[in-house]
Amino acid sequence: MKVIVCLALIIGAALDLGPGAEALSLPRPIVLDAQDRPVVRSPDGRWTLQVVSGEADPWLVVKSSGGSLTTRLLPIMRSCEVLWRRDSLAFSVTDARFADHYFIFAGQKSGDSFRLVPLTPSLEGSLRSSLGGKYDIDKIYAKALRWLPNGSLLVGLNAVIFRHIRPLPSWQPAVELYRAYVMDATEGRVIHVLSRNAVLSQYHFDLERQDW
């Protein structure tokens, strides 16, 4: 019974649920959108990520714990996932901006706040280079999976290429790719690429079973 009570206390402390908002600091991506707006605290408790109403679109913002400093990061058109690094000096943003195209950013501590580093250009450049320009990619889903101990970011990717099947008026996938990328989140560049089997073996992520 004492063990159960202790576990309950630990879980409750990790969730740190505050009045009027859900404050989460678990080491897993947290979904935010215009309706569901949890307050995602940094591990050190000094910063929060949240979605607030802007003049036109909801915006993802980072705030200091006292609320004295707020930095707008990017507009949220559909939803996003955020994941703090354990040292609280960086976070990832998976921006599900379009139904067929996701974008990845890394928030890096810069002065008194954070700046966003786009990771998508390097990631998609690596993907297109590996395909040799043979295909037009119809759907690209990328998402931050995990911060690695050395400070780099593990990103999963699912790319889909369609072809038209005649005489049926339907589309079927011709090529579906699953890969992972270890990325330098400070410079926004790909460090190395992992196959689906490699990321499953090394990091225990089954890319085919991710919620793309």
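This one's a predicted model, so the numbers in the text were calculated from it and none came from an experiment.

Focus on the overall build of the protein chain
Helices and strands together make up the secondary structure of the protein chain, namely three helices and 14 strands. Buried positions account for 43% of the 212 residues belonging to the protein chain. Look at the contacts in the protein chain between residues 6 or more apart in sequence, and 40% of them connect residues 24 or more apart. Summed over all atoms, the accessible surface of the protein chain reaches about 11,600 Å², with 52% contributed by carbon and sulfur.

Considerations on the packing of aromatic side chains
A full pass over the atoms with the stated rule returns six aromatic pairs. Seen from their ring centres, W84 and F91 are 5.1 Å apart, and the 70° between their planes marks the pair as edge-to-face. Each member of the pair, W84 as well as F91, carries the same accessibility label: buried. Aromatic pair F98 and F103: ring centres 6.2 Å apart, planes at 70°, arrangement edge-to-face.

Description of the pattern of salt bridges
For the structure on display, the rule yields seven salt bridges. The salt bridge partner of R85 is D87, with a shortest N-O separation of 2.9 Å. Residue R85 is classed as buried on the basis of its relative accessible area, which comes to 14%. By relative accessible area, which is 38% here, D87 ends up partly exposed. For R97, the salt bridge goes to D95, with nearest N and O atoms at 2.8 Å. For D95, a relative accessible area of 0% corresponds to the buried category. Here the salt bridges share partners, and the residues they tie into one network are D184, E187 and R189.

Here's the deal with the pairing of strand 8 (residues 90-98)
The element strand 8 is extensively covered by neighbouring structure, given that seven of its nine residues are classed as buried. Pairing analysis gives five bridges linking strand 7 (residues 79-84) to strand 8, with the strands arranged antiparallel. Pairing of C80 across the sheet is with D95, part of strand 8. Hairpin connection, strand 7 to strand 8: the antiparallel pair is bridged by five residues, and S88 has positive phi, about 65°. Bridging between strand 8 and strand 9 (residues 101-110) involves seven bridges; their strand directions are antiparallel. Bridging from a neighbouring strand, F91 pairs with G107 of strand 9. Turn length for the strand 8-strand 9 hairpin, with the two strands adjacent in sequence and antiparallel, is two residues.

Here's the deal with helix 2 (residues 120-131)
Along its twelve residues, helix 2 runs 17 Å from first to last C-alpha, staying within 8% of the 16 Å computed at 1.5 Å per residue. Within helix 2 the residues assigned to the buried category are T120, L123, E124, L127 and L131. Buried positions in helix 2, seen along its axis, are confined to an arc of 90° and lie on one side of it. Those residues of helix 2 that are exposed and angled more than 90 degrees off the buried face are P121 and S129. Of the residues trailing helix 2, G132 is marked for its positive phi of about 65°.

Here's the deal with the environment of E81
Relative to the helices and strands, E81 is located in strand 7. Between the C-alpha atoms of E81 and K143, which are 62 residues apart in sequence, the distance is 8.2 Å. Not counting residues up to four positions away in its chain, the partners in contact with E81 are P29, I30, V31, S92, V93, T94 and K143.

Here we look at the confidence of the model for the protein chain
On average, residues of the protein chain score 82 in pLDDT, and 80% of them are at 70 or above. Every residue in residues 1-26 is under pLDDT 50, and counting partners more than four places away or in other chains gives 21 contacts. Below pLDDT 50 for its whole length, residues 164-168 participates in five contacts with residues either more than four positions away or in separate chains.

So, the nonpolar core
L127 and L157 are the most contacted members of the largest nonpolar core, which has 25 residues in total. Per-element accounting of this core gives the leading share, five residues, to strand 12 (residues 153-165). Contacts of L127, omitting those with residues within four sequence positions, involve I137, I140, L157, A159, L177, R179 and Y181.

Here is what the cut-offs are and how they apply
- Residues numbered from 1 in each chain as written.
- Predicted model: local features only at pLDDT ≥ 70, side-chain atom pairs only at ≥ 80, totals over all residues.
- Heavy atoms only, no water.
- Helix = DSSP H or I, 4+ residues; strand = E, 2+ residues; numbered from the N terminus.
- Buried < 20%, exposed > 50% of the residue type's maximum accessible area, 1.4 Å probe, protein only.
- Contact = heavy atoms within 4.5 Å.
- Areas by Shrake-Rupley, 256 points an atom, 1.4 Å probe, with all protein chains shown as cover.
- Phe/Tyr/Trp six-rings, centres within 6.5 Å; stacked < 30°, edge-to-face > 60°.
- Salt bridge = Lys/Arg side-chain N within 4 Å of Asp/Glu carboxyl O.
- Pairing = 2+ DSSP bridges.
- Expected span 1.5 Å × (residues − 1).
- Arc of directions from axis to C-beta.
- pLDDT = per-residue confidence, 0-100.
- Core = buried A, V, L, I, M, F, W, Y, C linked by side-chain atoms within 4.5 Å.

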